[in-house]
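The chain contents come next:
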Amino acid sequence: GENGVGGRTIRVGTRRSQLARIQTDSIVEMLRDLYPDLCFEIVAMSTTGDKILDTALSKIGEKSLFTKELENALERNEVDLVVHSLKDLPTSLPPGFTIGAVCKRENPLDAVVFHPKNCGKTLSLLPEKSVIGTSSLRRAAQLKKKFPQLEFRDIRGNLNTRLKKLDEKEDFSAIILAAAGLKRMGWENRIGQLLSPEDCLYAVGQGALAVEVRAKDQEILNMVSALHDADTVLCCIAERAFMKRLEGGCSVPVAVNTMLKDGQLYLTGAVYSLDGSDSLKETMQTSVNYPEQNEDGPNDDVQHVGITAKNIPGQAQEAAENLGVELAGLLLSKGAKHILSVARQLNDAC
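Residues numbered from 1 in each chain as written. Predicted model: local features only at pLDDT ≥ 70, side-chain atom pairs only at ≥ 80, totals over all residues. Heavy atoms only, no water.

Caption draft 1: Examining the pattern of salt bridges more closely. One pass over the structure, following the stated rule, counts 17 salt bridges. Here Arg8 ties to Glu219 by a salt bridge, and the two come within 3.2 Å at their closest N and O atoms. Taken together, the residues span a long stretch of sequence, with Arg8 in the segment before strand S1 (9-15) and Glu219 in helix H8 (residues 218-224) at a distance of 211 residues. With a relative accessible area of 27%, Arg8 lands in the partly exposed category. One salt bridge in this structure joins Glu239 and Arg105, with 2.9 Å as the shortest N-O distance. With Glu239 in helix H9 (residues 230-246) and Arg105 in the loop between strand S4 (97-102) and strand S5 (110-114), the pair connects residues that are 134 residues apart, well separated along the chain. With respect to burial, Glu239 and Arg105 carry one shared label: buried. Three or more residues are tied together by salt bridges with common partners; here these are Arg8, Arg11, Asp80, Arg214, Asp217 and Glu219. (Salt bridge = Lys/Arg side-chain N within 4 Å of Asp/Glu carboxyl O. Helix = DSSP H or I, 4+ residues; strand = E, 2+ residues; numbered from the N terminus. Buried < 20%, exposed > 50% of the residue type's maximum accessible area, 1.4 Å probe, protein only.)

Pasting the structure below:
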């Protein structure tokens with residue numbers, strides 16, 4: 001092939017969970033369509049996050065929980081690329097790695113899946129003190145404020161495990177999951193309620209798949225860059241830049257909503273206290289309407305919050321990144337740092 005990888009087998013790393021495998025299969029299928037003469041082999045591994053199931057994600061405190069083992073394999077040349085949910089990837093990647101592709105985003109909203117006995121209800125119609133399962137501080141903080149009559153409790157495990165816990169026990173009236181995961185698993189019919197951004201802003205990168213590669217592996221980088229979806233890339237650069245500037249992570253509630261319309265990128269970002277009583281939320285916009293330019297010279301390795309997207313105008317990527325940084329700066333000037341540090345301390349303490 002003209003991209004220099006012809007004739008060799010491309011090894012694709014993934015987590016072992018069913019959802020991770022489905023996501024990886026979908027990426028490999030796209031690559032096979034683009035490069036029919038290449039051979040792809042999937043290498044599945046277990047990560048720390050898959051093994052520690054009795055502790056809340058926010059307590060383990062390690063953002064690379066689901067990525068470290070995969071990155072180690074990438075570093076050792078045991079795999080050539082790795083498929084992740086973008087929201088699992090830290091805003092700063094370890095040196096030597098980059099996100100070489102961000103694919104077209106699936107619905108980024110959160111969804112409520114109800115216990116069979118609550119079928120047809122919405123969160124506002126559940127009896128008082130109903131218990132809602134979620135492993136996300138971000139979801140819990142926003143929904144506690146909106147639905148003070150409900151109780152929120154931690155639930156861990158992959159999608160299959162969580163749905164099983166919901167259906168087979170009486171512990172939870174409903175659980176909150178990403179709509180994207182349910183859709184990819186073919187379980188869209190389980191979605192009882194989609195939470196609009198007014199109800200619940202979503203996680204940075206939610207619904208988008210990312211392909212991580214070695215930053216210096218130009219052949220693989222060129223190969224996967226065909227998978228980039230320009231709109232998704234610009235939205236996710238803005239979201240990741242916002243999160244990075246706030247120094248947010250798993251242990252604090254940070255949430256976003258982005259929209260790209262007529263060359264304008266709109267970013268809404270918010271931070272919350274753990275119980276949702278204290279919050280800051282703002283929206284900003286910028287133009288990302290820049291023509292494709294032939295960027296000659298040493299621009300090859302320009303990363304924007306860990307993403308390398310050579311086929312998307314550099315000025316548009318810069319504008320998106322600046323938007324995220326500026327919005328975070330605005331929230332910080334209004335007291336976001338205090339809200340986040342209190343949230344972090346409380347989370348560490350409980």
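Having seen the model, we can carry on.
Caption draft 2: Molecular detail of the state of the cysteines. Across all of its chains, the model carries zero disulfides by this definition. Of all cysteine sulfurs, the one in Cys235 lies closest to Cys236, which takes part in no disulfide; the gap is 6.6 Å. Assessed through its relative accessible area of 0%, Cys236 is described here as buried. (Disulfide = S-S within 2.5 Å.)

Caption draft 3: Molecular detail of the nonpolar core. In terms of nonpolar packing, the biggest core is built from 52 residues, with Leu86, Ile99, Phe242, Leu246, Val254 and Val271 touching the most fellow members. Listing elements by their share of this core, those giving two or more residues are helix H4 (68-75), S4, H9, strand S11 (254-261), strand S12 (264-272), helix H10 (314-333) and helix H11 (336-349). Ranked by residue count, the leading element in this core is H9, at ten residues. (Core = buried A, V, L, I, M, F, W, Y, C linked by side-chain atoms within 4.5 Å.)

Caption draft 4: Focus on the packing of H9 against H10. Here H9 crosses H10 at 35°, and the two axes come no closer than 7 Å. In the packing of H9 onto H10, the handedness of the crossing is right-handed. Along the contact surface, H9 presents Leu234, Ile237, Ala238, Ala241, Phe242, Arg245 and Leu246, while H10 presents Ala316, Gln317, Ala320, Glu321, Leu323, Gly324, Val325, Leu327, Ala328, Gly329, Leu331 and Leu332. (Axes fitted to C-alpha atoms, helices over the stretch in contact; angles between N-to-C directions. Left-handed = near helix turned anticlockwise from the far one by under 90°. Contact = heavy atoms within 4.5 Å.)

Caption draft 5: Structural detail: helix H6 (residues 159-168). For H6, the set of buried residues is Leu159, Arg162, Leu163 and Leu166. Along H6, the residues classed as buried sweep out an arc of 95° about the axis, all on the same side. Looking at the buried side of H6, the elements it contacts are helix H1 (18-34), S5, strand S8 (174-178) and helix H7 (179-184). Of the residues flanking the start of H6, the one acting as N-cap is Asn158, its side-chain oxygen 3.1 Å from the backbone nitrogen of Asn160. (Arc of directions from axis to C-beta. Polar contact = N/O pair within 3.5 Å; in protein donor to acceptor, adjacent residues only side chain to side chain.)

Caption draft 6: Spotlight on the sheet that holds S12. With antiparallel pairing, three strands are arranged side by side in an open sheet as S11-S12-S13. The sheet is open, and its two borders are formed by S11 and strand S13 (279-287), each paired with just one other strand. The mean inter-strand angle of the sheet, taken between neighbouring strand axes irrespective of direction, is 15°. Sheet topology places S11 next to S12; eight bridges connect them, and they run antiparallel. Paired with Leu260 across the two strands is Leu265, which belongs to S12. Against the sheet, H11 makes contact with S11, S12 and S13, and its axis sits at roughly 50° relative to S12, the strand it touches most. (Pairing = 2+ DSSP bridges.)

Caption draft 7: Structural view of helix H5 (residues 137-146). Counting buried positions along H5 gives seven out of ten residues, so the element sits mostly inside the fold. Regarding H5, the residues found buried are Leu137, Arg138, Arg139, Ala140, Ala141, Gln142 and Leu143. Of the residues flanking the start of H5, the one acting as N-cap is Ser136, its side-chain oxygen 3.2 Å from the backbone nitrogen of Arg138.

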